[in-house]
Amino acid sequence: MISFENVTKKYNSDTAAVDALSFTVQQGEFFVLIGPSGSGKTTTLKMINRLIPLTKGTIYIDGKRISDYKIDELRWNIGYVLQQIALFPHMTIEENIAIVPELKQWNKEKIQNRVTELLDMVGLDPATYRNRMPHELSGGEQQRVGVVRALAADPEIILMDEPFSALDPISRERLQEDIIHLQRSIKKTIVFVTHDIKEAIKLADRICLMQDGKVIQLGTPDELINEPANDFVSDFVGGVHHPETHFDLEKFIRPLPLLTEQHIPAISASAPLAEVLEQLAEHDYLSVEKAGMPIGVVDRQMMIHYFSQHMIEGGNNND
């Protein structure tokens, strides 16, 4: 689907930001580019849709050189999601989503139907959200709109550049779950840049770990964890595990006075992390039950504390 052949990018010096990259992203694959700051991962991503011109080598999409596509044709057929959500503030949510379909001259009814379909897809009620302005949405809701805007014209390729790194841990985890479920249904080819190895392990079909503009190891998450190519890979991956593996909700509960005098949504003490996050996205706190009896409560702040201890902290993105 997307092939790099000896692709090099140099800026104003002899140092290569990207150095002779060769790899192929398969159709329908969730492909993650990761590495320390300055490794070249964002430069690699931006060369795909020609936001950054390459210096040497060739990139192919469906066997055709990207330089042979008209620039508008290329970019209209590649969805792009940024860390900076970048919704147009003076436009409604529907108008934001409709930008590329309008450029492609879809008719009004088709656009309206597509907006409805996409908002439903990410759990935003179309009747409620389509006429809202971006400032009326939370950060997580805005980023959901950013994702579906990239899907609006049904592109085969989606580029995602650190799309969740500016969000709080709970919103980030919830959007990671959303993108996993979304990809299972839409089967797009996704190239995703992150600095967070836990995020990469969770999302990727394959991971391309870069350092100083070169590919250090390309493989499945299991291969990077269990068969690191060298000490750099081993150190970068570290003792990574999915937070779900060691999650125990009972460790985070606390008593709540007057619990019986107010209605608090309940959740089982054995609930998996994903379910806890889904519920906390809708409610400030939850009653935790064991054997049908409440044993305490858990709230968003507790989960943020959990992620601050278990997730790799965000870093700068200077690629």
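Residues numbered from 1 in each chain as written. Predicted model: local features only at pLDDT ≥ 70, side-chain atom pairs only at ≥ 80, totals over all residues. Heavy atoms only, no water.

Caption draft 1: The arrangement of the sheet that holds strand β11 (residues 266-268) in detail. The three strands are arranged β11-β12-β13 in an open sheet whose pairing can be described as mixed. The two strands at the open ends of the sheet, each matched to only one other strand, are β11 and β13 (293-299). Across the sheet, the axes of successive neighbouring strands diverge by a mean angle of 40 degrees, strand direction being ignored. Relative to β13, strand β12 (residues 285-290) runs antiparallel, the two being bridged by six bridges. Counted as the bridge partner of K290 is M293 from β13. (Pairing = 2+ DSSP bridges. Helix = DSSP H or I, 4+ residues; strand = E, 2+ residues; numbered from the N terminus. Axes fitted to C-alpha atoms, helices over the stretch in contact; angles between N-to-C directions.)

Caption draft 2: The arrangement of the nonpolar core in detail. Core analysis: the biggest nonpolar cluster contains 45 residues, and V32, I97, M160, I179, F192 and I207 have the highest contact counts within it. Top element by residues in this core is helix α7 (residues 139-151). It accounts for five residues. Every residue in contact with I179, bar those within four places of it in the chain, is listed here: F30, V147, M160, F164 and L203. Core analysis: the second largest hydrophobic core is formed by 26 residues, M1, V18, V25 and M210 among them. (Core = buried A, V, L, I, M, F, W, Y, C linked by side-chain atoms within 4.5 Å. Buried < 20%, exposed > 50% of the residue type's maximum accessible area, 1.4 Å probe, protein only. Contact = heavy atoms within 4.5 Å.)

Caption draft 3: Layout of the side chain of Q183. Mapped onto the elements, Q183 comes out in helix α8 (residues 169-186). We classify Q183 as buried; its relative accessible area is 8%. Looking at Q183, its side chain comes within polar contact range of the main-chain oxygen of G28, at 3.3 Å. The residues touching Q183, leaving out its near neighbours within four places in the chain, are G28, E29, F30, K188 and I190. (Polar contact = N/O pair within 3.5 Å; in protein donor to acceptor, adjacent residues only side chain to side chain.)

Caption draft 4: Broad picture of the sheet that holds strand β1 (residues 2-10). If you walk across this open sheet you meet the four strands as β2-β1-β4-β5, and the pairing is antiparallel. At either margin of the open sheet sits one strand with a lone partner, and together these are β2 (16-25) and β5 (64-65). As defined by bridge partners, β1 adjoins β2 across six bridges and the pair is classed as antiparallel. Within β2, the residue paired with I2 across the bridge is V25.

Caption draft 5: Geometry of the layout of surface pockets. What the largest pocket holds in volume is close to 450 Å³. Along its surface, the largest pocket is lined by 20 residues, and I78, G79, Y80, V100 and R149 are the ones closest to its centre. Secondary-structure elements contributing two or more residues to the lining of the largest pocket are α2 (71-76), β6 (78-82), α4 (99-103) and α7. Counting residues per element, the lining of the largest pocket draws most heavily on β6, at five residues. Grouping the constituent residues of the lining of the largest pocket by class yields 14 nonpolar, four polar and two charged. The space that makes up the second largest pocket amounts to roughly 390 Å³. Those elements giving two or more residues to the lining of the second largest pocket turn out to be α7 and α8. Among the elements that take part in the lining of the second largest pocket, α8 stands out by supplying seven residues, more than any other. Looking at the lining of the second largest pocket, its residues break down into seven nonpolar, seven polar and seven charged. (1 Å grid on protein atoms, 1.4 Å probe; cavity = no way out; pocket = protein on both sides within 12 Å on 5 of 7 lines; lining within 4 Å. Points joined across faces, edges and corners; volume = space filled by probe spheres on them. Nonpolar A, V, L, I, M, F, W, Y, C, P; charged D, E, K, R; others polar.)

Caption draft 6: Region of the structure containing the pattern of salt bridges. Considering all chains together, one arrives at twelve salt bridges under this definition. A salt bridge links K188 to D154; the nearest nitrogen and oxygen atoms lie 2.5 Å apart. Highlighted residues: K188 in the loop between α8 and β8 (189-194) and D154 in the loop between α7 and β7 (157-161), separated in sequence by 34 residues. Classification of K188 as buried rests on a relative accessible area of 5%. (Salt bridge = Lys/Arg side-chain N within 4 Å of Asp/Glu carboxyl O.)

Caption draft 7: Summary view of the packing of α7 against α8. Contact geometry for α7 and α8: axes closest at 11 Å, N-to-C directions at 20 degrees. For the element pair α7 / α8, the angle class is roughly parallel. The chirality of how α7 crosses α8 is right-handed. Touching G140, Q143, R144, V147 and L151 of α7 are R174, L175, D178, I179, L182 and I186, all from α8. Split by residue class, the contact of α7 with α8 holds six nonpolar, two polar and three charged. (Parallel < 35°, antiparallel > 145°, perpendicular 65-115°, else oblique. Left-handed = near helix turned anticlockwise from the far one by under 90°.)

Caption draft 8: Representation of the pairing of β12 in the model. In the sheet, β11 pairs with β12 via three bridges, with the strands oriented parallel. In the strand pairing of β12, S268 is matched with E289. For the handedness criterion, the β-α-β arrangement of β11, helix α12 (residues 273-280) and β12 is classed as right-handed. Hairpin remark: β12 followed by β13, antiparallel, with two residues in the connecting loop; positive phi at A291, about 55 degrees. (Right-handed = clockwise from strand over helix to strand, strands pointing away.)

Caption draft 9: Structural detail: α7. Along its 13 residues, α7 runs 19 Å from first to last C-alpha, staying within 8% of the 18 Å computed at 1.5 Å per residue. Within α7, twelve of the 13 residues are buried, leaving the element largely enclosed by the surrounding structure. Listing the buried residues of α7 in full gives G140, E141, Q142, Q143, R144, V145, G146, V147, V148, R149, A150 and L151. (Expected span 1.5 Å × (residues − 1).)

Any functional reading would require information beyond the geometric quantities listed.
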